[in-house]
Amino acid sequence: MITPWEVSEEIDYKETMEKFGIKPFKDILNKLENPHYLMRRGVIFGHRDFEKIVECMREGKRFAVVSGMMPSGRMHFGHKMVVDQLIYYQSHNAEIYIPIADLEAYWAREMDFERTKKLAVEEYITNYIALGLNLENAHVYLQSKNNVVKDLSLRLAKRVNLSEMKAIYGFTGETNIGHLFAPIVQVADILHPQLEERMPVLVPVGIDQDPHIRLTRDIAGRCKEYNFISPSSTYHRFMTGLTGGKMSSSKEETAIFLSDKPSKELRKKVMSCKTGGRETLEEHKKYGGIPERCIVYELYLYHLVEDDRELMEIYENCKSGELTCGKCKKMCYEKLVEFLEDLNEKREVAREQAWDILK
Ligand code: SF4
């Protein structure tokens, strides 16, 4: 079972898509005039009802994008992907909603409200702004302070029963009632933009969040009185951690954090990360590397190389064995330093703005 609270490290994306009826994103890619590089490169691999969003983007109609956050540690490169998507949709006139799941953090992770708020502002919102997201007109809110969302969640709660929640999330008799209720608040997060104005809503997520999407779509269909448009979703791949498993804030060695500074330690992390290189230099030159299994290549693909031609060149030079892993990792570290230095500078300015966003 894939739930938002437990994700096994090996996910068979194809099987999951077939099982839950998620459509391949590549089938809709050519309908977009200017797809994001994460879409072109297959990092965003699946969708539900994205056709509605394509229509809005093509015809200049209004739509909203909801992307919640539950801060639990430092923000790393895996988290950055969501911000990149929000920036893209904002440039296509989407209304951006960012709920901060402090209720869920309290119920499911035992995090107190003040700590969640501080982490959300100083780590996440600061980085969101520094990365280029304009939050001035966006709707950023704490779940615990949003009465519209809370009221809606109380009404929606009547539309779902315990057996269904158990079947979707694997809840047991030990689950506290707050945790049980947390998904309903998320459903309200996703549906509430339509209370003001009926419009398509998109939720870009990792596959672990799909239970929320399925529940939201089911509940939206049951609430005839609201006449909700069923929300659309896209699914992106998880970024692999530097050591091969999932990138995780709680395992420092697996992640590069957005607040990392260029340092010996960071260099060491990059230089010792898992690659698709061969056992020996001789073999690498003879048979070529395997970029598909390489974390360095993943860093280029997801974050550090925006130009498709440059990426293709790295890919081909790796495959032919012309590019060696030592040289390639050095280049990756240099690109990373350039990126982080720029982001660090921007974050200094963003930090001041970030607290104002939640006022
Ligand atoms: Fe990875 Fe670069 Fe080595 Fe290819 S050459 S396997 S992309 S580190």
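Structural data are supplied above this passage.
Being a predicted model, the structure only gives us computed values, none of them experimental.

Trainee: Is there a simple way to explain the environment of K274 in this structure?
Mentor: Within the secondary structure, K274 is located in the loop between helix 12 (264–271) and helix 13 (281–287). Measuring from C-alpha to C-alpha, the distance between K274 and L242 comes to 6.1 Å, with 32 residues separating the pair along the chain. Setting aside its immediate chain neighbours within four residues, K274 contacts L242, T243, G244, R293, C294, I295 and V296.

Trainee: Just to check I follow, could you spell out the pairing of strand 4 (residues 95–100) for this structure?
Mentor: When a strand is regular, its side chains alternate between the sheet's two faces. Strand 4 sits mainly inside the fold: five of its six residues count as buried. With three bridges connecting them, strand 3 (residues 64–66) and strand 4 associate as parallel partners. The partner of V66 across the bridge, within strand 4, is Y97. Running through helix 4 (residues 77–90), the crossover from strand 3 to the neighbouring parallel element strand 4 is right-handed.

Trainee: How should I be thinking about helix 7 (residues 147–156) in this particular structure?
Mentor: For an α-helix, 3.6 residues make a turn, and residues three or four places apart therefore share a direction. The set of residues buried in helix 7 consists of V149, L152, S153 and L156. Looking straight down helix 7, one finds its buried side chains confined to an arc of 105°; they lie on one side. Turned more than 90 degrees from where helix 7 packs its buried face, N147, L154 and R155 sit exposed. Elements that come into contact with the buried residues of helix 7 comprise strand 5 (139–142), helix 9 (177–191), helix 10 (193–196) and helix 11 (210–222).

Trainee: Help me out: how do you make sense of unusual backbone geometry in this one?
Mentor: Negative phi characterises most residues that are not glycine, and trans characterises most peptide bonds. Unusually for a residue other than glycine, N93 sits at a positive phi of about 65°. Checked against the element boundaries, N93 lands in the loop between helix 4 and strand 4. Backbone geometry at N227 places phi at a positive 55°, although glycine is not the residue there. By the element assignment, N227 lies in the loop between helix 11 and strand 7 (232–236). The class for N227 is partly exposed, based on a relative accessible area of 45%.

Trainee: What is the right way to look at the site of the ligand in this model?
Mentor: Contacts to the ligand come from T275, G276, G277, C294, V296, Y297, C318, L323, T324, C325 and C328. Mapping the ligand onto the cavity grids shows that it belongs to the largest cavity. Residue assignment for the shell around the ligand shows that the elements contributing at least two residues are helix 14 (295–304) and helix 16 (325–357). Here the shell around the ligand is composed, by residue class, of seven nonpolar, four polar and no charged.

About the cut-offs
All residue numbers here refer to positions counted from 1 along the written sequence of the relevant chain. Residues qualify for local features only when their pLDDT is at least 70, as the model is predicted, and side-chain atom pairs are given and counted only at 80 or more; totals for whole chains, interfaces and linings, by contrast, use all residues. Water and hydrogen atoms were dropped before computing side-chain values, which therefore reflect all heavy atoms in the structure. Only DSSP runs of H or I with at least four residues qualify as helices, and only runs of E with at least two residues qualify as strands; both kinds are numbered from the N terminus onward. We call two residues in contact whenever any of their non-hydrogen atoms come within 4.5 Å of each other. Partly exposed residues are those whose accessible area sits between 20% and 50% of the maximum for their type, while under 20% is buried and over 50% is exposed, using a 1.4 Å probe and protein chains only. By the convention used here, strands pair only if DSSP detects at least 2 bridges between them. The handedness of a crossover follows from its direction of travel: if, with the strands pointing away from the viewer, the path from the first strand over the helix to the second runs clockwise, the crossover is right-handed. Comment: arc refers to directions from the helix axis out to C-beta atoms. To be near a molecule or strand, a residue needs just one of its heavy atoms within 4 Å of it. Every definition here rests on a 1 Å grid over the protein atoms only: cavities are sets of points where a 1.4 Å probe fits but cannot get out, pockets are open sets enclosed by protein on both sides within 12 Å along at least five of seven lines, and lining residues have some atom within 4 Å of a point. For a cavity or pocket, the test is whether more than half of a molecule's atoms lie within 2 Å of its grid points; if they do, the molecule sits there. The residue classification treats Ala, Val, Leu, Ile, Met, Phe, Trp, Tyr, Cys and Pro as nonpolar and Asp, Glu, Lys and Arg as charged. All others, Gly included, are polar.

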